[in-house]
Structures are given as C-alpha cells and as structure tokens.
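# Descriptive analysis of the structure
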Amino acid sequence: MKSTLPVTTMLLILTVMVSGHCCLHCSFRPGFGILGMHRCHHGGKWIAHGFSVVNRDLCEKCTCVRNGMQCCHEGVHITHHPHDCHVIQHGCNELAVNIWNHNRICHDGITALLF
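Residues numbered from 1 in each chain as written. Predicted model: local features only at pLDDT ≥ 70, side-chain atom pairs only at ≥ 80, totals over all residues. Heavy atoms only, no water.

## A closer look at the pattern of salt bridges
Two side chains bearing opposite charge may form a pair once their charged atoms approach each other closely. On inspection of all chains with the given rule, the structure shows one salt bridge. Put simply, Arg-56 and Glu-74 hold a salt bridge, and the shortest N to O gap is 3.4 Å. Placement of Arg-56 in the loop between β4 (52–55) and β5 (60–65) and of Glu-74 in the loop between β6 (68–73) and β7 (76–80) is noted, with a sequence separation of 18 residues between them. Given a relative accessible area of 60%, Arg-56 falls into the exposed group. For Glu-74, a relative accessible area of 22% translates into the label partly exposed. (Salt bridge = Lys/Arg side-chain N within 4 Å of Asp/Glu carboxyl O. Helix = DSSP H or I, 4+ residues; strand = E, 2+ residues; numbered from the N terminus. Buried < 20%, exposed > 50% of the residue type's maximum accessible area, 1.4 Å probe, protein only.)

Here it is, written out as structure tokens:
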C-alpha cells in the first residue's frame, strides 16, 4: 500500500494557498451584537468578531463577520481524474483512487478545487 503523504502534502499546500478565503460555497446567517460589542450567535454560542467555528460533521467553517456569520463549505472536490481512477468521499474531501485497487491513490492527472 502506498503512503498517503503526497496527498496529505498536496492538501496542506492547497490549504495554505487559499487560507482565509471563502471560496464558492458560502452562506450568510444574520446575527446581532450586544452592548455595542460585535458578536455573533451561532449554534447556541456567542462567537467574537473575527473568530471562526468549524463543524467537521457539516464540513463547514463559520466566521463571525459584520452583521452575522459567514459559513463556507470546506473540503476538496475533484473535477478531473484519469480514466483508471474514480472518486471516493473521505471525510469532507474527495480522493481519486484506482478503480481496481481502492487502496491505491491516484497522484497524476488530478484536478481539484479546494472549498
């Protein structure tokens, strides 16, 4: 079985490249402040302005911004892969694996979007 280090490294690099940016799948949830301090109410908790909460079950990261929470989907979506590979879900990310051996990760010819 091949190591998943190259895939992990690729995901880390992609994460660093878009860190702090909310990509394509975002929603806005209105919020409100209290006593002149801007905070957001989200999931039964108060979140300070500029802070984020991550929900791994929903694959989203929500950040308290002016007037509410901005929530963005997090994960990797594969848009193109070689004909001898297919896509499987791995947590919030998609992985391309060999169609004959699902333990073998495809490393070449993969195009993906990081959300």
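There's more to say after this.
## Describing the pairing of β6
Pairing between β5 and β6: six bridges, direction antiparallel. Residue pairing across strands places Lys-61 opposite Cys-72, the latter belonging to β6. Hairpin connection from β5 to β6: two residues lie between these consecutive antiparallel strands, with Asn-67 at a positive phi of about 75°. (Pairing = 2+ DSSP bridges.)

## Topic: the nonpolar core
Cys-40, Ile-47, Cys-62, Cys-64, Met-69 and Cys-71 together form the largest nonpolar core, which totals six residues. Among the secondary structure elements, those contributing two or more residues to this core are β5 and β6. (Core = buried A, V, L, I, M, F, W, Y, C linked by side-chain atoms within 4.5 Å.)

## Brief notes about the state of the cysteines
One covalent bond between the sulfur atoms of two cysteine residues makes up a disulfide. The tally for this structure, following the rule as stated, stands at four disulfides. Note on cysteine connectivity: Cys-40 is disulfide-linked to Cys-64, with sulfurs 2.2 Å apart. Because the torsion about its S-S bond is 80°, the bridge between Cys-40 and Cys-64 counts as right-handed. Here Cys-40, found in strand β2 (residues 39–42), pairs with Cys-64, found in strand β5; they are 24 residues apart in sequence, far enough to count as distant. As far as burial versus exposure is concerned, Cys-40 and Cys-64 are alike and both buried. Note that Cys-85 is cross-linked by a disulfide to Cys-106, the S-S spacing being 1.8 Å. Taking the sign of the torsion about the S-S bond as the criterion, the disulfide between Cys-85 and Cys-106, at about -105°, is left-handed. Taken together, the residues Cys-85 in strand β8 (residues 85–90) and Cys-106 in the loop between β9 (93–98) and β10 (111–114) connect sequence positions 21 residues apart. The class for Cys-106 is buried, based on a relative accessible area of 13%. (Disulfide = S-S within 2.5 Å.)

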